[in-house]
Amino acid sequence: MKHILNFYFSGGPLLTFREQEEVTEEHIKGNIHFRFSDMRACTGYRTEETYLPCPNNCINCRQCPSCSYRDVSRVYTVGDFSQHPKMYEKLKQETYCIYLAAFGADIIKAGLTRKERLPDRWLEQGADMAVSILEFDGPDKAYPAERLLHDHFDFRNAVQTRTKIKKLAEDAPKDAKNNLEEAISQIKSSGFFSNASLGAHIADLSPRYPKWDNPSEEFELAEGEMEGCKGQLLFFRDADGRQKFVNMRSKISSFII
């Protein structure tokens, strides 16, 4: 069985899994056949180089508290270098970007990532439109600036997958663009940042996703011709030509049998 560790966009839908103690990454394309088990086990934790198994062999969870604390994702999500101090010097040399991402017609998230990851970061979240608004040298000033935006504006810091599924049917681009432009205008008016530093090039990401055809959600079996993904929603057509999708985020820590 393949233990699912992660699913995200990186040049296409990418599945990370552990099988017989070996960790493998594979791009998903062509004909697929995934049958998912109900069994779950802790995914373990990531270092800068690889995935390590859960030392406690925890079951019935996605990631146990011990592995979550050790996971390198904390470096990128909250700027916590306590478990990975060597990464701090390396990431001080990186350019960080604060961005706004639109989901559907009315949801805007403010997020932070390294500049080199911007397009993939937007696509792996399934944003309909996005714009990079601020750049920083290293993480030290970037994370406080992101918190400032969340404290003073009505931006999300996360959007649940279930919410993204509800937004699939919305014809979002026009309203999403208008809302992003209004958000940028509000940030400029606040005086928190230099207006000269605020970017305003809005990227329309909708052409990068499969065309929506009122798909049904599959829970146990994904079988057919893969069409692509929108965030962590994997789209495919079954043998009868019906479009379906599977929420791969909900499958992380489960097994492919």
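Not measured: the values here are computed from a predicted model.

**A short note on the overall build of the chain**
Scanning the chain from N- to C-terminus turns up seven helices and 15 strands. At 19 Å, the chain has a C-alpha radius of gyration in line with the 18 Å of a compact globule built from 257 residues. Overall, the C-alpha framework of the chain stretches about 55 × 45 × 25 Å when taken along its three principal axes. Counting all 257 residues of the chain, 49% fall into the buried class. Partitioning the intrachain contacts of the chain with sequence separation of at least 6 by distance along the chain shows that 61% fall at a separation of at least 24. If you sum the accessible surface of the chain, you get close to 13,500 Å²; carbon and sulfur atoms cover 45% of it. Averaging the coordinates of the 35 positive side-chain charges in the chain and doing the same for the 38 negative ones gives two points 2 Å apart.

**Some remarks on the pairing of strand S14 (residues 243-247)**
Across the five residues of S14, five count as buried, placing the element largely inside the fold. Side chains Gln 243, Phe 245 and Asn 247 of S14 all project onto a buried face; the interleaved residues Lys 244 and Val 246 project onto the opposite face, where all are buried too. Pairing of strand S11 (residues 216-217) with S14, which is carried by two bridges, proceeds in the parallel orientation. Looking at S14, one finds that Glu 217 is bridged to Phe 245.

**Observations concerning the nonpolar core**
Leu 15, Ile 28, Ile 32, Phe 34, Phe 36, Leu 205 and Leu 234 are the most contacted members of the largest nonpolar core, which has 32 residues in total. Secondary structure elements with two or more residues in this core: strand S1 (2-9), strand S2 (13-19), strand S4 (31-35), strand S7 (95-103), helix H4 (118-125), strand S12 (221-230) and strand S13 (233-237). Discounting chain neighbours no more than four positions away, the residues touching Ile 32 are Ala 222, Glu 223, Gly 224, Met 226, Leu 234 and Phe 236. Within the second largest apolar cluster, 31 residues are counted, among which are Val 75, Leu 91, Leu 100 and Ala 110.

**Topic: the sheet that holds S13**
Taken in spatial order, the five strands of this open sheet run S4-S12-S13-S14-S11, and their pairing is mixed. Each edge of the open sheet is held by one strand with a lone partner, namely S4 and S11. Of the pairings in the sheet, the one linking S13 to S14 comprises five bridges and is antiparallel in character. Residue Phe 235 lies in a different strand from S14, and its bridge partner there is Phe 245.

**Things to note about the sheet that holds S7**
Here four strands make up an open sheet; going across it, the order is S8-S7-S9-S10 and the pairing antiparallel. Because the sheet does not close on itself, it has two edges, and the strands there are strand S8 (107-114) and strand S10 (203-204). Relative to S8, S7 is paired through eight bridges, and the arrangement is antiparallel. Bridging from a neighbouring strand, Phe 103 pairs with Ile 107 of S8.

**Side note on the pattern of salt bridges**
For side chains bearing opposite charge, pairing can occur when the charged atoms are close. For the coordinates displayed, the defined rule picks out 17 salt bridges. For the salt bridge of Lys 230 with Asp 128, the shortest nitrogen-to-oxygen distance reads 3.2 Å. Taken together, the positions of Lys 230 in strand S12 and Asp 128 in the loop between H4 and strand S9 (129-137) put the pair 102 residues apart, joining distant regions of the chain. Accessibility classification places Lys 230 together with Asp 128 in one group, the buried group. The structure contains a network of salt bridges with shared partners spanning Glu 218, Asp 238, Asp 240, Arg 242 and Lys 244.

**Points about the environment of Glu 181**
Here Glu 181 lies in helix H7 (residues 173-190). Its relative accessible area of 38% is what places Glu 181 among the partly exposed residues.

**Quick look at unusual backbone geometry**
Phi is positive for Asn 57, close to 50 degrees, though the residue is something other than glycine. Within the secondary structure, Asn 57 sits in the loop between strand S6 (51-52) and helix H1 (65-70). Note on Asn 57: relative accessible area 63%, which makes it exposed. Residue Ser 253 is not a glycine yet carries a positive backbone phi of 90 degrees.

**A few points about the confidence of the model for the chain**
Close reading of the predicted structure is inappropriate where its pLDDT is low. Per-residue pLDDT for the chain has a mean of 93; in total, 98% of the residues score no lower than 70. In the model of the chain, H7 stands out as the element of lowest mean pLDDT, 89, in contrast to strand S15 (residues 255-256), which has the highest, 97.

**A word on H4**
Within H4, the full set of buried residues consists of Leu 118, Trp 122, Leu 123, Glu 124 and Gln 125. On the buried face of H4, the contacting elements are S1, S7, S8, S9, helix H6 (161-166) and S10. In the stretch just after H4, Gly 126 is the one whose phi turns positive, near 80 degrees.

Criteria and thresholds
Residues numbered from 1 in each chain as written. Predicted model: local features only at pLDDT ≥ 70, side-chain atom pairs only at ≥ 80, totals over all residues. Heavy atoms only, no water. Helix = DSSP H or I, 4+ residues; strand = E, 2+ residues; numbered from the N terminus. Rg over C-alpha atoms; globule rule 2.2 N^0.38 Å. Buried < 20%, exposed > 50% of the residue type's maximum accessible area, 1.4 Å probe, protein only. Contact = heavy atoms within 4.5 Å. Areas by Shrake-Rupley, 256 points an atom, 1.4 Å probe, with all protein chains shown as cover. Lys, Arg positive; Asp, Glu negative; His and termini not counted. Charge placed at Lys NZ, Arg CZ, Asp CG, Glu CD. Pairing = 2+ DSSP bridges. Core = buried A, V, L, I, M, F, W, Y, C linked by side-chain atoms within 4.5 Å. Salt bridge = Lys/Arg side-chain N within 4 Å of Asp/Glu carboxyl O. pLDDT = per-residue confidence, 0-100.

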